[in-house]
Amino acid sequence: MRYTPPSKALFIRNRESFVRQMLPRTVALFHANDIFSLNADANYRFAQDSNLYYLTGIDQEEVALLLFPDAPLPQWREVLFVRETNAHIQVWEGWKYSKQEAREASGIGTVMYYPELNDFLRRMASHFDGAYIDINEHERNSLTTRRAGHRLAEKLRSEFPAHQIYRAAPILEALRAVKQPEEIVQMKEAMSITEKALRRVLAFTRPGVKEYEVEAEVLHEFVRNGASGPAYDSIIASGPNACVLHYVQNDTVCEDGHLLLMDFGARYGNYCADLTRTIPVNGKFSPRQRDVYEAVLRVMKQATNMLRPGNLLETYHQEVGKLMEAELIGLGLITQEEVDNQNPEWPAYKKYFMHGTSHFLGLDVHDVGNRYAPFREGMVFTCEPGIYIPEEGIGIRLENNILITAGNPIDLMASIPLEADDIEALMQK
């Protein structure tokens, strides 16, 4: 295993927290992600379902968890189902969890093999009245792929039509939004690896290199430090490409005088980092580039200070918009008259800053959480304002990861170079 996993105590607490919110005489079922076909006989690399990992710590395909707090026998209150390995699998695929190893990793005493799940459900059906099913309800999820949760819901409705179906997502959304100390440790490691990648890139970047060469330097540092890879497709956008928010082609030459916007983060132990830095390809900001950079940085610092318990994401975005509005007027990009006559549904500042400032971060880069609920201590958010000026070929975004506490927000990326002078000094060494 590439990473050092958290203690099983974390996953035991997570299950206990979930069970406390279950209705009487119910079960909850969670599945590993499916393995998806790529082409021919090749598959996409397996990535574990975030909710299953959160509850078990098991990072493997063909795994299921059943929580049954009112089970007729104590040993059935938690049951983990894992893939049965054999000599053939060990030769072709390598190590898989044994039952004992799965017990040790998850803290679950009863471990069965995955094919036993269906029979176990049939035998237990008369002892529960409903089941919590895990469906991806993330508000930004637009795919209609049928996953294990969908298939299980259909199976229960077909075989046990008198049983109720309940949603696991709202419970897990609330639990996962507040990070526990062991989770922060994993995220800090992901951020440390991400910092190493940035420092490598600062030493490497110069006019004439390709964007994908920069991406290769990032990936090299991720893998050599134990990350499973990037938390998301890395954005390495030079010149005008930086004005394309989700640019991932990374195939352009980095030219002298251009800026290079890099948005990348490592995934370590299933937890994500999310960093953005914008640097001068030649190691020196032009006066205009520096003015825009400093404007973004001022907004970032003030926005970070707003990430406090009790604040609301929508209110926070509105206040950050006002900060950006003032900066854009100062840069000569919008006028006070445009602000006075703006459409409230699309304020004038959105011409140059069209995305949100922050999102939840954790097991997923756009982690689960209720955007309409107040901020709470223990939540982790990105802070990522930006200014994009296509007519000038300038796109600047800066992003760090912030932990909300009872006191001042903690910048988990405070050690990563951010000030323009520091960026230039490191690039010119």
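Scroll up to find the structure this text is about.
Residues numbered from 1 in each chain as written. Predicted model: local features only at pLDDT ≥ 70, side-chain atom pairs only at ≥ 80, totals over all residues. Heavy atoms only, no water.

Asker: Would you mind showing me how to read the layout of surface pockets here?
Answerer: Considering only enclosed or pocket space, the second largest pocket measures out at about 260 Å³ in volume. Every residue lining the second largest pocket is counted, 16 residues in all, and those nearest its centre are H31, D34, Y114, A148 and R151. Put simply, the parts of the chain that give the lining of the second largest pocket at least two residues each are α5 (117-124) and α6 (148-159). The biggest single contributor to the lining of the second largest pocket is α6, with four residues. A class-by-class count of the residues in the lining of the second largest pocket yields eight nonpolar, three polar and five charged. (1 Å grid on protein atoms, 1.4 Å probe; cavity = no way out; pocket = protein on both sides within 12 Å on 5 of 7 lines; lining within 4 Å. Points joined across faces, edges and corners; volume = space filled by probe spheres on them. Helix = DSSP H or I, 4+ residues; strand = E, 2+ residues; numbered from the N terminus. Nonpolar A, V, L, I, M, F, W, Y, C, P; charged D, E, K, R; others polar.)

Asker: Honestly, the sheet that holds strand β5 (residues 78-82) in this entry has me stumped. Any pointers?
Answerer: By way of backbone hydrogen bonds, the strands of a sheet pair with one another, either parallel or antiparallel. The strand order β6-β5-β4-β1-β7-β8 describes an open sheet built from six strands, whose pairing is mixed. Two strands lie at the open edges of the sheet, namely β6 (110-113) and β8 (164-167), each paired on one side alone. Taking each pair of neighbouring strands and ignoring which way they run, the sheet shows an average axis angle of 25°. Both strand β4 (residues 64-67) and β5 contribute to a ladder of four bridges, which runs antiparallel. Residue pairing for β5: A64 is matched across the bridge by F81. Of the strands in this sheet, β1 (26-31), β4, β5 and β7 (130-133) touch helix α1 (residues 8-19), which is tilted by about 50° from β4. (Pairing = 2+ DSSP bridges. Axes fitted to C-alpha atoms, helices over the stretch in contact; angles between N-to-C directions. Contact = heavy atoms within 4.5 Å.)

Asker: When you look at the state of the cysteines in this model, what are you seeing that I'm missing?
Answerer: Two cysteines form a disulfide when their sulfur atoms are joined by a covalent bond. Tallied over the entire structure, the rule returns zero disulfides. Free of any disulfide, C243 has its nearest cysteine sulfur in C254, 15 Å distant. Here C243 falls in the buried class, since its relative accessible area comes to 18%. No disulfide involves C272; its nearest neighbouring cysteine sulfur is the one of C383, lying 18 Å away. (Disulfide = S-S within 2.5 Å. Buried < 20%, exposed > 50% of the residue type's maximum accessible area, 1.4 Å probe, protein only.)

Asker: Whenever I open this one, unusual backbone geometry confuses me. Can you help?
Answerer: If a residue is not glycine, its phi is most likely negative; likewise, a peptide bond is most likely trans. Despite not being glycine, A40 shows a phi value in the positive range, around 50°. One non-glycine residue, E62, lies in positive phi territory at about 55°. With respect to the secondary-structure elements, E62 resides in the loop between α2 (50-56) and β4. The exposure class assigned to E62 is partly exposed, which follows from its relative accessible area of 36%.

Asker: Help me understand the nonpolar core in this model?
Answerer: Soluble globular proteins tend to pack their nonpolar side chains together in the buried interior. Residues F18, F30, M262, F264, Y293 and I387 are the most contacted members of the largest nonpolar core, which totals 107 residues. Ranked by the residues each element gives to this core, the list is headed by helix α8 (residues 181-204), at ten residues. If we skip the residues at most four places from it in the chain, F30 touches F18, L52, L55, V63, A64, L65, L67, D134, A168 and L172. Of all hydrophobic cores here, the second largest spans 22 residues; its members include W76, F81, L117 and F120. (Core = buried A, V, L, I, M, F, W, Y, C linked by side-chain atoms within 4.5 Å.)

Asker: Could you clarify how one ought to interpret the packing of helix α10 (residues 287-305) against helix α13 (residues 420-427) in this entry?
Answerer: To characterise two packed helices, one gives the angle between the axes of the helices and the distance between these axes. Direction vectors running N to C along α10 and α13 enclose 125°, while the axes themselves pass 10 Å from each other. As the angle between them shows, α10 and α13 are arranged oblique. Contact residues: α10 offers R290, Y293 and E294, while α13 offers A420, D421, I423 and E424. Grouping the amino acids of the contact of α10 with α13 by side-chain chemistry returns three nonpolar, no polar and four charged. (Parallel < 35°, antiparallel > 145°, perpendicular 65-115°, else oblique.)

Asker: I tried to follow the environment of N270 on my own but got confused; where do I start?
Answerer: Tracing the backbone shows N270 in the loop between β12 (266-268) and β13 (271-272). For N270, a relative accessible area of 12% translates into the label buried. Through-space distance from the C-alpha of N270 to that of Y3 is 9.2 Å; in sequence the pair is 267 residues apart. Look past the residues within four positions of N270 in its chain and what remains in contact with it is Y3, Q48, Y53, D59, G362 and L363. At 3.2 Å, the side chain of N270 and the side chain of D59 are in polar contact. (Polar contact = N/O pair within 3.5 Å; in protein donor to acceptor, adjacent residues only side chain to side chain.)

Asker: It is not clear to me how the packing of aromatic side chains should be interpreted in this structure. Could you clarify?
Answerer: Counting across every chain of the model gives 15 aromatic pairs. On the basis of an interplanar angle of 85° and a centroid distance of 5.9 Å, the ring pair of F68 and F128 is categorised as edge-to-face. Here F68, found in the loop between β4 and β5, pairs with F128, found in the loop between α5 and β7; they are 60 residues apart in sequence, far enough to count as distant. Across this residue pair, the class does not change: F68 and F128 are buried. Aromatic side chains F222 and F264 sit 6.1 Å apart centroid to centroid with 65° between the ring planes, which places their arrangement in the edge-to-face category. (Phe/Tyr/Trp six-rings, centres within 6.5 Å; stacked < 30°, edge-to-face > 60°.)

Asker: Before we go on, may I ask you to explain empty space enclosed by the protein in this structure?
Answerer: Throughout the structure, instances matching the rule amount to one cavity of 30 Å³ or more. Approximately 30 Å³ is the volume found for the largest cavity. Lining the largest cavity, in full, are F128, A131, L156, F160, H163, Q164 and I165. Within the lining of the largest cavity, the residues separate by chemical class into five nonpolar, two polar and no charged.

Asker: I keep staring at the side chain of R277 and nothing clicks. Help me out?
Answerer: Tracing the chain through its elements places R277 in strand β14 (residues 275-280). No salt bridge is formed by the buried R277, whose closest oppositely charged neighbour, D411, lies at an N-O distance of 6.4 Å. Polar contacts involving the side chain of R277 include one to the main-chain carbonyl oxygen of I416, which spans 3.5 Å. The contacts of R277, once residues within four sequence positions are left out, are L198, L260, L261, M262, R397, L398, E399, N400, M413, I416, P417 and L418. (Lys, Arg positive; Asp, Glu negative; His and termini not counted. Salt bridge = Lys/Arg side-chain N within 4 Å of Asp/Glu carboxyl O.)

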